[in-house]
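Coordinates in review
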Amino acid sequence: MDSQPSLSVRFLDRSSNSEKGLARTNSSPSKSSSSDPISQSLASILNNPHSTVSVTASEFLPLAANKAGSELSRSDFGQYLASISDPYGRFEDIRNHSNRESVEDLASIGEGGDALVACLRQVPALYFKEDFALEDGATFRAACPFATMPENLVLQEKLSQYLDVVELHLVKEISLRSSSFFEAQAQLGDLNVKIVEGCSRIRDLKETIRLLDADLVDSARQIHELNATRSNLLALQQKLRLILYVNQAVSTLKLLVASADCAGALDVTDDLQNLLDADELAGLHCFRHLRDHVSSSIDTINSILSAEFMRASMHDVGNMDAIILSRAKARANIPTNRNDDEVKLDEEETSNFRDRLLPLIIGLLRTAKLPSVLRIYRDTLTADMKTAIKTAVAELLPVLLARPSESEFAPAERVVDIDGGSSLASKLRSLSSESFVQLLAAIFSVVRAHLVRAAEVKKAIEWIMCNLDGHYAAESVSAAIALGAVVAQTAQDADGQTASFLSYSQRNNPKVPLLQAKANDMMTTSNISRNFRTDVLRENTEAVFAACDSAHGRWAKLLGVRALLHPRLRLQEFLSVYNITQEFITTTEKIGGRLGYSIRGTLQSQAKAFVDFQHESRMAKIKAVLDQETWVEVDVPDEFQAIITSLFCSEILTTEPTDDTKSNVSASYGEVVSSSDGSIMAHTGLPNSEQHIGLINSVEASVDNAAQLKSLLNVGPTDYNQSDAITTPAQSNNTNNKERGKSSSQTLLVRGVGYHMVNCGLILLKMLSEYIDMNNYLPVLSSEVVHRVVEILKFFNTRTCQLVLGAGAMQVSGLKSITSKHLALASQVVSFTYAIIPEIRRILFTKVPETRKALLLLEIDRVAQDYKIHRDEIHSKLVQIMRERLLVHLRGLPQLVESWNRPEDSDSQPSQFARSITKEVGYLQRVLSRTLHEVDLQAIFRQVVIIFHSQISEAFSHLDISTSQAKNRLRRDVQHILGCIRSLPTGDISNSGTSNWGQLDEFLVQRFGHEAGQ
């Protein structure tokens, strides 16, 4: 019922479209040009598909226009209209007929729809609901609301009426659609007839096919089936043969693995793996565990190859360790020269070793296990290195402790162990330096034996991986590298682990072909092989690196245990430890090919600690020596002259020190020093300051025990005593023996210039030579040594100035006064140090880096300038002393002149003033001339002469001389003083030819004439 409106709309749309099409058809002849497509379209529209008569295209040809559009008239279309009038008439009839049928259909549909609507209007909507059911109480009450009998009869009548209305309208609707229904029923009957005919024809065809199969196809089909059966039997036979081969291969694989024939076993596993990868054994229940069996066999093969590789790589190293330790024990019991235990394979042994490793390496390459085995080998080699060093220490330590050896340290300098000396560290600390060096030498030999063997393994693997051109196994190695590279890359892609290689058995992964194709897309096979080769070579090199690092770490620990002892050693003893460590570092770095930064840092730190401790001890010693110095001249032993000779010998000090020169140059304080009285004193080598103080006292005791000269001029605050000018006979003999031109044993010659020395100067020279030794033998710390030399030179200069110029020696050394002799000796020591500083600088700076030279040069030049200033201050002090003595005598001159004017004074000798001043000047000249150089002496007395001329002439000019007797006395004093002045060594000669001419000469001439001056 609901579909009727849509059907009506559909008919209306169709009719409107038809009208529009006709309108277009009618208007097309006048709007379009004459063309065949238009004519054919009209013909196709007008043709009846059920009629054999068709309208040709020529009937609808458009009018041929021979005139312009504006000149046409209706008569011009007459012929055309006459030609199409009949077809057009038929077209109009057909169109009208169609319109009438459409209108009738729409009318009938509209009527049916109106009847149904009327039916719905007459019958309540309750009865047309889809869920209408009188069983429902609510529906029943709505449909039958009346309760009385009349009402019920009325309701029955009404329901009968509703039923009649509905039936009436249904019959009407059925009558409207009866024609379509019967037409469809007729078509259905026709279809049933045609189906029956089709079935009969199908039966006929089946029978025909059956006859054809029996006569023609059965024989051919039988041949085909027999051929398929034969193929299946052949495949079954091939599968059975494959099963037999696999069974035999499994048995052979067990035998090969049991006999450790790894190469043959790998060939079998390759075949079985190829069969598994090709799925030829798929579905065979008997081989369901074959893949696991192959994997376990490959793991067993890898274990065998790994064990064989370890056995070949570590072969005979333990025996070599035992031999080395036995030799070390023998050398410990019987001290001999150190013999290096060389471990080196000859050419034949190297060739045999490579041939032994070759099949193992090829097998491990095929399984891609070589990198992981090399990592295991690295760990094993490192552990074996540590065990060997530990064994060497454990076996040699009791032997070395049992050796009788002298103590190297004073009791106060021993390092006390908390554990009482029972631990390994305390035992190592209790070893002497010689025993410790022997222990290091044995460990060095053991480490070198292990590293040489590891280096041979490294070279053999590199030879197999890279240098097999022309060798019979070159192709096998190349194939193994390619196979191992593919396996490693496949396992790497499968698990996503870059640095790990999985076992050879993981090729059974069904994703391997896809992963391998992906790997081939990312990089070529050659690149994969190259990367795999690089990984193998890297792991091979890392094994030797790890062994060297382990040896360096153990060696550094041994040095660290004795870190507190090594700085206290003597230079030669420390150099023995330093040199063997340096040789160990050089050898291991040469074998391993990598710098040992950790052990180099440890060695350098201990060397710096040694330099620091030695410097601190020397600073304490030189301070003690200076505090005990009495500034007495000592004889110079030959060893100190040898030191000066070596300083000025460039060929010796600028070249590398040899073993012979080490023992000569680096001698310690334990060498013999002879004193001036022939006594001999030897040091025990104890590195404390008390021993050096004993040296000072011994040298001081060697000075002549006669009474000291008390005429020395005072520098300290004590008053001048005239009795100091008295000279004893012993002193006169000593003076006669100490004139200029002394022997080499009494002065220290520097470039032909002799210097008088005191004990502190000799000890400073010795210390400087030891600093030079440290600079030569520890070149990496050359800058530190130069700093220490500058520091000790500064301290010596400053402390000397405090003790002598500052009179500090009177408090610390017990001197009663600082005399001119003390000043002269201090000047000699300072001048000597100033003279050797350039040579020390030249020698030290041969090892100093260029980047540090500029700053260090400034520091050492500043120190040299300080020494020069100090020397000049000492000379000025001597001049000042003489000036002060002159002023003291000049203050008593007026009282002396009063006695000159007395008539009873008849003394013909010079006055006490003239005799005293000339005596003191003469004594000063004798003292300084025995000690100072001529140049310094002239410089000092040149200033003294100037002071005498100015001060005495000025004092004499102010005297009141009234008598001739006084004038004669004055003339005698002036002449006496001038005689003394002219005898002083100044090097000056005036124009008149008189030496040391000055104001006093002019005063004499002026007062008494030229005759008195001559």
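Residues numbered from 1 in each chain as written. Predicted model: local features only at pLDDT ≥ 70, side-chain atom pairs only at ≥ 80, totals over all residues. Heavy atoms only, no water.

1. Let's talk about the pattern of salt bridges
For the coordinates displayed, the defined rule picks out 26 salt bridges. For E639, the salt bridge identified is with K766, shortest N-O distance 3.2 Å. Pair noted here: E639 is in helix α19 (residues 638–647) and K766 is in helix α24 (residues 759–777), with a separation of 127 residues, a long-range link. Connected through salt bridges with shared partners, the residues R375, R378, D379 and E539 form a single ionic network. (Salt bridge = Lys/Arg side-chain N within 4 Å of Asp/Glu carboxyl O. Helix = DSSP H or I, 4+ residues; strand = E, 2+ residues; numbered from the N terminus.)

2. Some details on the packing of aromatic side chains
In total, this model carries eleven aromatic pairs according to the counting rule given. Here the aromatic rings of W555 and F584 are separated by 4.1 Å at their centres, their planes lie at 10°, and the arrangement is stacked. A residue pair is termed long-range when its members are at least 10 positions apart, and W555 in helix α16 (residues 525–561) and F584 in helix α17 (residues 571–592) qualify at 29 residues. You can call W555 buried: its relative accessible area is 1%. Note on F584: relative accessible area 0%, which makes it buried. Aromatic ring contacts, followed pair by pair, group Y127, F132 and Y162 into a single cluster. Between R448 and the ring centre of F444, over which it is positioned, the NZ or CZ distance is 4.8 Å. (Phe/Tyr/Trp six-rings, centres within 6.5 Å; stacked < 30°, edge-to-face > 60°. Buried < 20%, exposed > 50% of the residue type's maximum accessible area, 1.4 Å probe, protein only. Lys NZ or Arg CZ within 6 Å of the ring centre and 35° of its normal.)

3. Observations concerning helix α32 (residues 964–982)
Compared with the 27 Å implied by 1.5 Å per residue over 19 residues, the 27 Å span of α32 between its first and last C-alpha is a close match. Taken together, the buried positions of α32 are occupied by A966, R969, L970, D973, V974, I977, L978, C980 and I981. On an axial view of α32, the arc spanned by its buried residues comes to 165°, and they lie on one face. (Expected span 1.5 Å × (residues − 1). Arc of directions from axis to C-beta.)

4. Some details on the packing of helix α30 (residues 912–931) against α32
For the pair α30 and α32, interaxial distance at closest approach is 9 Å and the crossing angle is 5°. As judged from the angle between their axes, α30 and α32 are roughly parallel. The residues of α32 that touch α30, namely those facing F913, A914, R915, I917, T918 and V921, are D973, H976, I977 and C980. Of the residues belonging to the contact of α30 with α32, the class tally is six nonpolar, two polar and two charged. (Axes fitted to C-alpha atoms, helices over the stretch in contact; angles between N-to-C directions. Parallel < 35°, antiparallel > 145°, perpendicular 65-115°, else oblique. Contact = heavy atoms within 4.5 Å. Nonpolar A, V, L, I, M, F, W, Y, C, P; charged D, E, K, R; others polar.)

5. So, the environment of R852
Its place among the elements puts R852 in helix α28 (residues 850–891). Classification of R852 as partly exposed rests on a relative accessible area of 33%. Here the alpha-carbon distance between R852 and S783, two residues 69 residues apart in the chain, equals 7.2 Å.

6. Focus on the confidence of the model for the protein
For the protein, the average pLDDT comes to 74, and 71% of its residues sit at 70 or higher. The secondary structure element of the protein with the lowest average pLDDT is strand β2 (residues 680–681), at 32, and the one with the highest is helix α25 (residues 782–805), at 93. Here residues 1–46 is modelled with pLDDT under 50, and outside its nearest four sequence neighbours on either side it reaches 32 contacts, counting other chains as well. Predicted confidence for residues 406–414 stays below pLDDT 50, and this span has eleven contacts to residues more than four positions away or in other chains. (pLDDT = per-residue confidence, 0-100.)

7. Observations concerning the packing of α17 against helix α18 (residues 597–628)
Relative to each other, α17 and α18 sit at 165°, their axes nearing to 11 Å. When the axes of α17 and α18 are compared, the pair comes out roughly antiparallel. When the axes of α17 and α18 are compared, the crossing they make is left-handed. Contact residues: L571, F574, Y578, T581, Q582, F584, I585 and E589 in α17; I599, R600, L603, Q606, A607 and F610 in α18. Residues that form the contact of α17 with α18 fall into these classes: nine nonpolar, three polar and two charged. (Left-handed = near helix turned anticlockwise from the far one by under 90°.)

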